[in-house]
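Residue-level listing of the chains:
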Amino acid sequence: MQVRRASVEDLDAIFALNVQIGDMHHQHAPHLFATPGPSGRAFLLQALQEEDKYFWVAEHQNKVIGFLSARLESFVHIPHLVDDPMCHVNTIVVDRDARGTGAGKALMAACTQWAKDNHATVIKLEVMTFNQDAQAFYQALGFTPDSITMMQTLNCEPEEPAQ
C-alpha cells in the first residue's frame with residue numbers, strides 16, 4: 001500500500017468513497033445529511049484545488065482505497081484560545097472492502113507527520129455518535145473525546161408565504 005498526496009486525477013475515486021460515507025451518514029442522520037448526489041463531485045473538485053486543504057489517498061494495486069482531507073487552523077484573533085496551529089481532519093474514508101488493511105492508519109500517519117511538519121500541536125476531528133467503528137479506530141490511535149456537540153431536532157412545519 002502507498003499513501004500519497006491526492007491530485008485532481010483522483011477525483012472519481014475520491015468521489016466514490018465520499019458517496020460511501022455520505023450514504024452511511026444519510027442513513028443514520030437524514031435530518032443532517034443529504035443523499036449524496038452529483039453536486040458532491042464539484043464540491044470535492046473545488047476542495048482539491050484549494051491551497052488551504054490537503055488531501056492524501058491510500059492506494060493498493062494502483063487502486064485508490066481511501067482518502068483523508070485536512071486543513072490547518074489557527075486562532076490568533078481569538079484572545080481566549082491558544083493560537084498554536086491545529087490540524088483539523090475534515091474527512092477520512094476507507095473503502096468498505098478495504099477496511100482492516102491498515103489504509104486508515106497509514107492515512108492518519110501521513111496526516112500526523114504533515115501536522116508536525118507544520119508545527120501543529122493538536123489534531124482534531126469530529127465523529128458522529130452513531131459511527132462506533134470510527135470511534136474505536138480513533139481511540140486505538142490515541143484520540144480522546146474533547147467536547148460534546150449537542151443537538152435538538154425541531155419538529156416544525158415551514159411557514160406558508162404571506163398572501
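How each quantity is defined
- Positions within a chain are numbered from 1, following the residues in the order the chain's sequence is written.
- Restriction of local features to residues with pLDDT of at least 70 applies here, the model being predicted, together with a cutoff of 80 or more for giving and counting side-chain atom pairs; totals for whole chains, interfaces and linings are based on all residues.
- Side-chain figures throughout are based on the complete set of non-hydrogen atoms in the structure, without hydrogens or water.
- Helix numbering and strand numbering both begin at the N terminus, where a helix is a DSSP run of H or I of at least 4 residues and a strand a DSSP run of E of at least 2.
- Residue exposure (1.4 Å probe, protein chains only): buried if accessible area is under 20% of the type maximum, exposed if over 50%, otherwise partly exposed.
- We count a salt bridge whenever a side-chain nitrogen from Lys or Arg sits within 4 Å of a carboxyl oxygen from Asp or Glu.

Concerning unusual backbone geometry
Not every positive phi belongs to a glycine, and Gln61 is a case in point at roughly 50 degrees. Within the secondary structure, Gln61 sits in the loop between strand E2 (53-60) and strand E3 (63-73). Gln61 sits in the exposed class, given a relative accessible area of 70%.

Some remarks on the pattern of salt bridges
Throughout the structure, instances matching the rule amount to six salt bridges. Put simply, Arg4 and Asp10 hold a salt bridge, and the shortest N to O gap is 2.7 Å. You can call Arg4 partly exposed: its relative accessible area is 22%. Judged by its relative accessible area of 7%, Asp10 is buried. In this structure, Lys124 and Asp146 form a salt bridge, with 2.6 Å as the shortest nitrogen-oxygen distance. Placement of the pair is Lys124 in strand E5 (residues 122-125) and Asp146 in the segment after helix H4 (132-140), with a sequence separation of 22 residues. Beyond isolated ion pairs, a larger network of salt bridges with shared partners links Arg4, Asp10 and Glu59.

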